[in-house]
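# Coordinates in review
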Amino acid sequence: MASKEPIRVLVTGAAGQIGYALVPMIARGVMLGADQPVILHMLDIPPAAEALNGVKMELVDAAFPLLKGVVATTDVVEGCTGVNVAVMVGGFPRKEGMERKDVMSKNVSIYKAQASALEKHAAANCKVLVVANPANTNALILKEFAPSIPEKNISCLTRLDHNRALGQISERLNVQVSDVKNVIIWGNHSSTQYPDVNHATVKTPAGEKPVRELVADDAWLNGEFISTVQQRGAAIIKARKLSSALSAASSACDHIRDWVLGTPEGTFVSMGVYSDGSYNVPAGLIYSFPVTCKNGEWTIVQGLAIDEYSRKKLDLTADELSEEKALAYSCLS
Ligand SMILES: NC(=O)c1ccc[n+]([C@@H]2O[C@H](COP(=O)([O-])OP(=O)(O)OC[C@H]3O[C@@H](n4cnc5c(N)ncnc54)[C@H](O)[C@@H]3O)[C@@H](O)[C@H]2O)c1
Ligand SMILES: O=C(O)C[C@H](O)C(=O)O
């Protein structure tokens, strides 16, 4: 059987800690499939060039059968040329005690510059995932400064929050995480996000049951559960003195895999995507919605009932994103 053509995957910030966890996952087929050859493009900035070269040496040493080539560069044009998937991790991470807004000005100017490079040099139909914070707003800036990239091709990572929500429910109910599905992260990848279990279910021997019915503790679901998921990034920073890396890398693989290869029938996942006004979320924000994916395209799940409690939470996180958007533009001007 003829083998598939390699897919070129760009990872920016590849010498950083998420990059170090992510590139071996991609080279092993975790992101695009066990039969899909890949060529890795790794981009970082000149102060990280030596470390980046060290990562390249380790990729060679690991002798990954699917890895058909490695481009390790500090030249943004070389990094972006011909890429089919771009995972944008490069930027300055939040440290203990910093608010996400503190990292805004540094990161939005990077995303403005890299938008132009991707627009000019990436493959047509390149799919872009922004991981670096503020993830939704960096993705929005990338979209606005790369007007020829279709908006459906630009997304940001909230799958980590989604997976965190699955993990919390699985621990609480003592069930396999793979038996929990259809949690939703609405809004911003920040502490205003709304982790919603109102449509989530668990596979049980007696069929699928609603999470709310099985947990049978609305005070926990509306209180500690939500704040644990919202604050998980900060809790990891406090514990590790570094922000999450292996879980972020793994969730980035989940995001791209489902986008490219499709979501299982009856399952939805959370992705930060350009709002079309669904669920009365203002158009023109990158907002996390429940989506299904098929044939390489995501579609927002429509028609889910939103109660009054949820409505307020959807609006609160939208308001924060509108403020971030204004702040980002003020940083750029
Ligand atoms: N969306 C999420 O779920 C999520 C989760 C965890 C972390 N993050 C964010 O991901 C980003 C990366 O985190 P990390 O822990 O890997 O940070 P890190 O500091 O270890 O790595 C970042 C890398 O980016 C590089 N870099 C800086 N400017 C760059 C540029 N202009 N072009 C290319 N590379 C550049 C740095 O040299 C560094 O190697 C941070 O913004 C962090 O807050 C997001
Ligand atoms: O919260 C952060 O700044 C880190 C990261 O976005 C995370 O969610 O782990």
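Residues numbered from 1 in each chain as written. Chains lettered and ligands numbered in written order. Predicted model: local features only at pLDDT ≥ 70, side-chain atom pairs only at ≥ 80, totals over all residues. Heavy atoms only, no water.

Turning to the site of ligand 2, a few remarks are in order. Within the structure, ligand 2 sits among Arg 94, Asn 133, Arg 164, His 189, Gly 233, Ile 237, Ser 243 and Ser 244. Interatomic distance of 2.6 Å between a side-chain N/O atom of His 189 and an oxygen atom of ligand 2. At 2.7 Å from an oxygen atom of ligand 2 is found a side-chain nitrogen or oxygen belonging to Ser 244. (Near = heavy atom within 4 Å. Polar contact = N/O pair within 3.5 Å; in protein donor to acceptor, adjacent residues only side chain to side chain.)

Time to look at the domain arrangement of the protein. Domain assignment breaks the protein into domain 1 (7-156) and domain 2 (158-329). A C-alpha centroid distance of 23 Å is found between domain 1 and domain 2. Contacts between domain 1 and domain 2 engage 37 residues on the former and 46 residues on the latter. Taken over both partners, the interface formed by domain 1 and domain 2 buries close to 3400 Å², and the fraction arising from carbon and sulfur atoms is 66%. (Domains from an automatic or database assignment. Contact = heavy atoms within 4.5 Å. Buried area = accessible area lost by both parts, 1.4 Å probe.)

Attention now moves to the site of ligand 1. For ligand 1, the set of nearby residues contains 25 residues, the closest of which are Gln 17, Ile 18, Asp 44, Val 131 and Asn 133. Gly 16 has a polar backbone atom sitting 3.3 Å from an oxygen atom of ligand 1. Measuring from an oxygen atom of ligand 1, one finds a side-chain N or O atom of Asn 133 at 2.9 Å. Contact with the protein chains covers 89% of the free accessible surface of ligand 1, which is 870 Å². At the level of secondary structure, the elements contributing two or more residues to the shell around ligand 1 comprise α1 (17-27) and α4 (104-121). (Areas by Shrake-Rupley, 256 points an atom, 1.4 Å probe, with all protein chains shown as cover. Helix = DSSP H or I, 4+ residues; strand = E, 2+ residues; numbered from the N terminus.)

What follows concerns the sheet that holds strand β7 (residues 180-181). Taken in spatial order, the 3 strands make up an open sheet running β7-β10-β11, and their pairing is antiparallel. Sheet topology places β7 and β11 (207-210) at the edges, where each strand pairs with a single neighbour. Pairing of strand β10 (residues 201-204) with β11, which is carried by 4 bridges, proceeds in the antiparallel orientation. Within β11, the residue paired with Thr 201 across the bridge is Pro 210. (Pairing = 2+ DSSP bridges.)

The next point concerns the side chain of Ser 170. Note that Ser 170 resides in helix α6 (residues 159-173). Looking at Ser 170, the relative accessible area reads 11%, which means it is buried. Those residues within four positions of Ser 170 in sequence are excluded, and the remaining contacts are Val 175, Gln 176, Val 177 and Val 180. (Buried < 20%, exposed > 50% of the residue type's maximum accessible area, 1.4 Å probe, protein only.)

Moving on, we get to the pattern of salt bridges. The final tally for this structure, using the stated rule, is 12 salt bridges. For Asp 35, the salt bridge is made with Lys 4, and the minimal N-O distance between the two is 3.4 Å. Placement of the pair is Asp 35 in the loop between α1 and β2 (38-43) and Lys 4 in the segment before β1 (7-12), with a sequence separation of 31 residues. Given a relative accessible area of 48%, Asp 35 falls into the partly exposed group. One connected set of salt bridges, linked through shared partners, spans Arg 159, Asp 254, Arg 257 and Asp 258. (Salt bridge = Lys/Arg side-chain N within 4 Å of Asp/Glu carboxyl O.)

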